[in-house]
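# Residue-level structure breakdown
Here are the chains, one letter per residue:
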Amino acid sequence: MPATVPFRLARTSAFAVVSLGLGMIAHVLGGGVMPAWSAAGGLALAFAAALPLTGRERGTGVILPLLGSTQVALHLLFSATAPAVSHEALTHPHSGLLPGLAMLVMHGWAVGLTSLWLARGEALLWALLRRLGARLGPVLTGAPSPVPAPPSAVAHPDGPAPLRPSPLRHVVSRRGPPAPRPVTPF
């Protein structure tokens, strides 16, 4: 099912906000400084990266590399636009363009978990849209709905069918006094 332009823009915006939020939170929690114009540039970058891919449903195989490459681009953007740091802050994880091993591991975990989350949301959204389309399609297009067959006038010609005895669902068979046990001689 092809997506309309407003739907594509909404999906692209959701991806861009999640991607930017993930990058900003990781950057700020790592002790980095982020100017507002850098965040705006990051949002535009994430939006431009996701827009071509929002025409149809995407799985983890597309979302994971897109989110990973967007995080790399955002990290480079945030590191390049960070204000100048003093000599004491050079040991900080965000002190250069190349991240340390801990930062790579944390970005990897965050990208993996977020891409799984986005893929599950994507699958849920498209399943919901398919169900709505199946239910509302005939109503919106004016197609005639299938007419149910009229019920037969006589269900049972001889009268109602006799009820079948069936055990109750919640009957506990072990109620009552214990069963007598035979006495055995020694």
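Sequence order sets the numbering: in each chain, residues are counted from 1 along the sequence as written. Only residues with pLDDT of 70 or above have their local features reported here, since the model is predicted, and side-chain atom pairs are shown and tallied only from 80 upward, although totals for entire chains, interfaces and linings are computed over all residues. Hydrogens are left out, water is left out, and the side-chain values use all remaining heavy atoms of the structure.

## Quick look at the overall build of the chain
In terms of regular secondary structure, the chain is built from four helices and zero strands. When its helices and strands are written in sequence order, the chain yields α-α-α-α. The burial tally for the chain puts 21% of its 186 residues in the buried class. Put simply, DSSP marks the helices as runs of H or I at least four residues long and the strands as runs of E at least two long, and each gets a number from the N terminus on. Working definition: with a 1.4 Å probe on protein chains only, accessible area under 20% of the residue-type maximum means buried, over 50% means exposed, and in between means partly exposed.

## Here we look at the packing of helix α1 (residues 5–29) against helix α2 (residues 36–50)
Throughout, an axis means a line fitted to C-alpha atoms (over the contacting stretch in the case of helices), and angles, computed between N-to-C directions, take values from 0 to 180 degrees. Across the interface, α1 lies against α2 with an axial gap of 8 Å and an inter-helix angle of 135°. Accordingly, the angle class assigned to the pair α1 and α2 is oblique. Considering the relative orientation of α1 and α2, their crossing is right-handed. Residues Leu9, Thr12, Ser13, Phe15, Ala16, Val17, Ser19, Leu20 and Met24 of α1 pack against Ala39, Gly42, Leu43, Ala46, Phe47 and Ala50 of α2. Asp, Glu, Lys and Arg are counted as charged, while Ala, Val, Leu, Ile, Met, Phe, Trp, Tyr, Cys and Pro are counted as nonpolar; the rest, among them Gly, fall into the polar class. A class-by-class count of the residues in the contact of α1 with α2 yields eleven nonpolar, four polar and no charged. An angle below 35 degrees is read as roughly parallel, one above 145 as roughly antiparallel, one from 65 to 115 as roughly perpendicular, and any other as oblique. The hand of a helix crossing depends on one turn: near helix anticlockwise from the far one by less than a right angle means left-handed, and clockwise means right-handed. Pairs of residues are marked as contacts when any of their non-hydrogen atoms sit within 4.5 Å.

## So, a nonpolar patch on the surface
In this scheme, patches are assembled from residues that exceed 30% relative accessible area and form no salt bridge. Like charges are connected within 9 Å, while nonpolar side chains (Val, Leu, Ile, Met, Phe, Trp, Tyr) are connected within 5 Å. Accessible surface area values rest on a Shrake-Rupley calculation with a 1.4 Å probe, where residue burial reflects the displayed protein chains alone. Within this document, salt bridges are pairs made up of a side-chain nitrogen of Lys or Arg and a carboxyl oxygen of Asp or Glu, the two lying within 4 Å of each other. A cluster of nonpolar side chains, contributed by Leu101, Val105, Met106, Trp109, Leu113 and Leu116, occupies part of the molecular surface with about 700 Å² of accessible area. Summarising the element assignment, Leu116 is placed in helix α4 (residues 101–141).

Function cannot be read off these values alone, since they describe shape.
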